[in-house]
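# Coordinate inspection notes
One letter stands for each residue in the lines below.
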Amino acid sequence: MRRLHSLAGLAAAVVVTFMAITGAILSLQPALETASARAWAGLGSVAQLAGAVATNLPGAERLTRSASGMVVAYYAENGTQRAAQIDPATGGVIGAYEPSGFFSFITELHRSLFLGDRGHAIAGLASVAIAVLAVSGILMLVKRMGGWRRLLGQVKGTRSQRLHTFLARLALVALVVTSLSGAFMSAVNFGFIPDGTSLSFAMTPQSSGAAPAAIDSLPALAATPLGDLRELVFPAIGDATDVFTLSTAHGQGYVDQATGALLSFTPNNFWQQLYEAIYVLHTGVGVWWLALILGLGALAVPALAITGTLIWAQRRRHSVRLEQNASWWSARTVILVGSENNSTMGFAATLHNALVAQGERVHTGPMNSVRAYPAAERLIVLTSTYGDGAAPASARHFLAHLDKVWASPAPSVAVLGFGDRSFPNYCAFAEVVQAALVARGAEPLVDLTTIDRQSSQDFARWGERLGEAIGVPLTLSHTPARPASQDLVLVEREDFGCEVQAPTAILRFAAPNGQGLLARLGFKASLPRFAVGDLVGIIPPGSDVPRYYSIATASGEGVLEICVRKQAGGVCSEYLHALNPGDRIEGFVRHNPDFRPARNRKPLILVGAGAGIAPLAGFVRQNRPGRPAYLFLGARDPASDFLYRRQLEGALSENRLTSLDTAFSRVVGGQYVQHRLAAQADEVRELVAAGAQIMVCGGLDMARGVRAALDAALAPLSLSTAMLKAQGRYLEDAY
Amino acid sequence: MKKIIASLLLCTALIAPAAAMAKDVTITTTLDNYSGRDAYLAVYVTKPDGSYDSTLWVAGSKQRYLGDLRGWISAMTAAGMTTLNLDGITGASIGSGQTLTIHSNLADTLIDAGYTIHVESAVEQGGEYPDDAVAPITSAPQQVSGKGYVATLSVSM
Ligand SMILES: Cc1cc2nc3c(=O)[nH]c(=O)nc-3n(C[C@H](O)[C@H](O)[C@H](O)COP(=O)(O)OP(=O)(O)OC[C@H]3O[C@@H](n4cnc5c(N)ncnc54)[C@H](O)[C@@H]3O)c2cc1C
Ligand SMILES: Cc1cc2nc3c(=O)[nH]c(=O)nc-3n(C[C@H](O)[C@H](O)[C@H](O)COP(=O)(O)O)c2cc1C
């Protein structure tokens, strides 16, 4: 589905954007016409209008009324035909009728790009492409959100992804309507669908021949409301047997000019009615508000094309190549991957390609797509663990979907867990997965194995054992790719907490002053782009794995500020604590778009302890004065490690911060932040009831305590942190 | 300028049984420069009494819009026609400023005998001109100007 969506999108991006922009311009036409047509204060019947026109324009031959209510009369004057716009209210002449050259030009561009039938075909294919994109897009979104009911839920991902989904959801209905109706009209144009018209050789009936009566007295015309009129052709002057030819919204007929009788009437057939309805749906003629809605929907297309291309490019840059990925129903080996940041996917791809090289039919996919695999002999699961022993993003729905699969998805399984021993729930999710599969009768091929910090050696050793178990020699060599790093220079450091055995440093980095030719030419090195709450990854000398630190500034401020707690024996934290101003390190930015305050005016509750205060202090600094923000801050001793004290007190006086509630643990009557939350339970409850968003940052132990305190405080509201999390109102960055 | 050349092979009584009794006729219709969509044209012949004889060419292929060529349709209807076979005598509609050239093989009996060529034009969301231009079929070359979208109609052999 994603492949279809990407291919169709990329191939059609330019044409589709072109069609959308021209379509959006055209959508203004019905509103402008309606505004200028004085349409709805009509005379009431065709008889009255035609009578008035015949008086005002003696040579009147034909009267047309467009869907927007504009009436045009064609009349002969000195042997040439002229057109005049008629005021439908009085039948008086407003002026010569000049079709808008601008809109005619854009219409022709939109219909055929001035390329004749070839252009019509391109326009038709563009319609089909938008329809395919819209439908495949919905299906992708349903899958991503985990079901139709959650279709309107909160979207996670990069800025492009969120913007893409946001716009698509807004514009979807309009785009489906315009694209399907456009494709239909194109199919009619090329004769794939009948338009219901045919050349009629029915004899035109004749008038009785008696002297013509006054037009405004003719019963058949008087019985036709002006709103139904499409066209009225007057009888030839001086030919008493000629008739009025009347086209209405319902069909075509003839009217005797002496008696005013309706001589014959052919109602529109099914295809004509269908075409008219679809024509109105596509163009919005006569329904100006529909046209404007469709036009706005079309305007989303260029933005969708750009964000879509960005998403595609990001995915390409980050994607790992799977050789010959077999279909799920034909594969003998199925590999399912649970990953949050894609590093596990790299290991899976190495395994996949090694198995394919040995002639195996292998299907690799995300754990969320689990189902029964009819041809599979074995299922191999590679999954990381996140949060506090929870599933990573691509495995979030695994257990729920597994419940729908009868028995085990494949007869035998091997589970490999990726994690980090410094977390208390080391590879806990892998254990849950192994247990769930074994409980469904799967035979373990090898024992549950864990990989600490993406160790290549551990992975290669597991590969050997797996190879023996399945009788396929496997040599797995995978080195996690290092993200491209950039030089950062330490410009300033502030130290806290030494007296209370919690050395914590605020470190401020800048882009290095360039050297060499480019710098002399005036090119200054710049920081990568980041926002408060993003992470900087730092690979310390002597290690392969990056450590992440929350950023407290935005790139616009010109410095990258982090706050690092020194861990005894910790490789990276000790390395950073040993830096002096002027020293250089290498780092890269990892965007963390889910950890941001919502863009609204609802209250913010910020909870952090120790180094976890850093991004929260950044959010406070960026807060709009007046938006309520409540900060719960934990530290050991106000005299030693009260981080960001001056900045936060300044924010209080500027009304960027509503209250600052501190908890110090190494003073008499010491407290943790969770105790402050419990003490303020009533206020917290009120704020949450008013729509507040909660953001928590710091150590795992603190996060666990905070969650418990909040759950207790929210229980009277029948709410929990888990429920708020699902709404994007409880955000946690814990490590 | 786009030229649409059409060769009439088999259509009506116009076609001479033997080449010796027929003449090649060139009918050239040039449109004015106007703003609007491409024009639909019907080029047809009437008998000396004004009744419909035959259709030489129809420019424009969508049935939806052919119905706007009312003069041509009612002439055919009055002549008692119930169906029309346009095979081989239709082509694309003609744009502003363009020229339609038809080569036709007319029987000698039609020439200088009071037969007339009619060109009718209609434009979607624009004007409709039955008898936009009318020229007699004579052995002397004819050139007339039209009153609607047709700038000039010329007939030569
Ligand atoms: C999303 C995220 C955000 C983070 N934000 C911050 C932040 O803002 N500030 C911050 O300070 N940290 C933050 N961290 C934590 C940070 O990434 C590192 O994990 C932390 O600094 C420790 O790294 P290290 O290299 O110093 O320790 P490591 O060398 O990785 O060691 C980790 C732990 O194992 C112990 N250890 C190491 N080697 C041995 C050994 N041989 N024997 C026994 N024990 C050993 C260490 O004592 C240490 O406690 C964040 C983590 C994540 C995932
Ligand atoms: C915020 C965060 C929380 C984590 N929680 C755990 C955990 O509870 N248990 C564990 O074993 N590993 C934990 N890890 C480590 C990851 O599982 C490990 O880095 C893994 O290799 C990531 O793979 P991925 O990039 O494919 O998602 C955590 C990592 C982060 C960044």
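Reference entry: report on the structure contained in this document. Since we're looking at a predicted model, the values are computed, not measured.

### A closer look at the interface of chain B and chain A
Between chain B and chain A, the residue contacts involve 22 residues of the former and 23 residues of the latter. Interface area, chain B with chain A, both sides summed: about 1900 Å², of which 48% is carbon and sulfur. Seen at the junction of chain B and chain A, the total is four salt bridges. The residue R37(B) makes a salt bridge to E108(A) at a minimum N-O spacing of 2.9 Å. Counting the contacts that link chain B with chain A gives five residue pairs in polar contact (both at pLDDT 80 or more). Within the residue set of the side of chain B that touches chain A, elements represented by two or more residues are α1 (63-66), α2 (70-78) and β8 (128-136) of chain B. When residues in the side of chain B that touches chain A are grouped by element, the largest group, five residues, is from α2(B). Here the side of chain B that touches chain A is composed, by residue class, of seven nonpolar, eight polar and seven charged.

### Considering the packing of helix α6 (residues 159-189) of chain A against helix α8 (residues 270-283) of chain A
All names here are of chain A. Look at α6 against α8: their axes get within 9 Å of each other, and the N-to-C directions meet at 135 degrees. When the axes of α6 and α8 are compared, the pair comes out oblique. Where α6 crosses over α8, the handedness of that crossing is left-handed. Residues V177, T178, S181, G182, F184, M185 and V188 of α6 touch α8, and the partners they reach there are L274, Y275, I278, Y279, L281 and H282. Grouping the constituent residues of the contact of α6 with α8 by class yields nine nonpolar, four polar and no charged.

### Observations regarding the sheet that holds strand β7 (residues 251-256) of chain A
Residue and element names in this part refer to chain A. If you trace the eight strands from one edge of the open sheet to the other, you get β4-β3-β2-β1-β5-β6-β7-β8, paired in antiparallel fashion. Looking at the sheet topology across the chains shown, the edges are occupied by β4 (93-96) and β8 (262-267). Neighbour-to-neighbour, the strand axes of the sheet open up by a mean angle of 20 degrees, direction not taken into account.

### Points about the packing of aromatic side chains
Residue and element names in this part refer to chain A. Overall, the coordinates contain 17 aromatic pairs over all chains when judged by the stated rule. Ring centres of F418 and F459 lie 6.4 Å apart, and the angle between their planes is 50 degrees; on these two criteria the pair is classed as tilted. With a gap of 41 residues between them, F418 in strand β12 (residues 412-419) and F459 in helix α13 (residues 456-470) connect regions that are remote in the sequence. F459 carries the same exposure label as F418, and that label is buried.

Here is what the cut-offs are and how they apply
Residues numbered from 1 in each chain as written. Chains lettered and ligands numbered in written order. Predicted model: local features only at pLDDT ≥ 70, side-chain atom pairs only at ≥ 80, totals over all residues. Heavy atoms only, no water. Contact = heavy atoms within 4.5 Å. Buried area = accessible area lost by both parts, 1.4 Å probe. Salt bridge = Lys/Arg side-chain N within 4 Å of Asp/Glu carboxyl O. Polar contact = N/O pair within 3.5 Å; in protein donor to acceptor, adjacent residues only side chain to side chain. Helix = DSSP H or I, 4+ residues; strand = E, 2+ residues; numbered from the N terminus. Nonpolar A, V, L, I, M, F, W, Y, C, P; charged D, E, K, R; others polar. Axes fitted to C-alpha atoms, helices over the stretch in contact; angles between N-to-C directions. Parallel < 35°, antiparallel > 145°, perpendicular 65-115°, else oblique. Left-handed = near helix turned anticlockwise from the far one by under 90°. Pairing = 2+ DSSP bridges. Phe/Tyr/Trp six-rings, centres within 6.5 Å; stacked < 30°, edge-to-face > 60°. Buried < 20%, exposed > 50% of the residue type's maximum accessible area, 1.4 Å probe, protein only.

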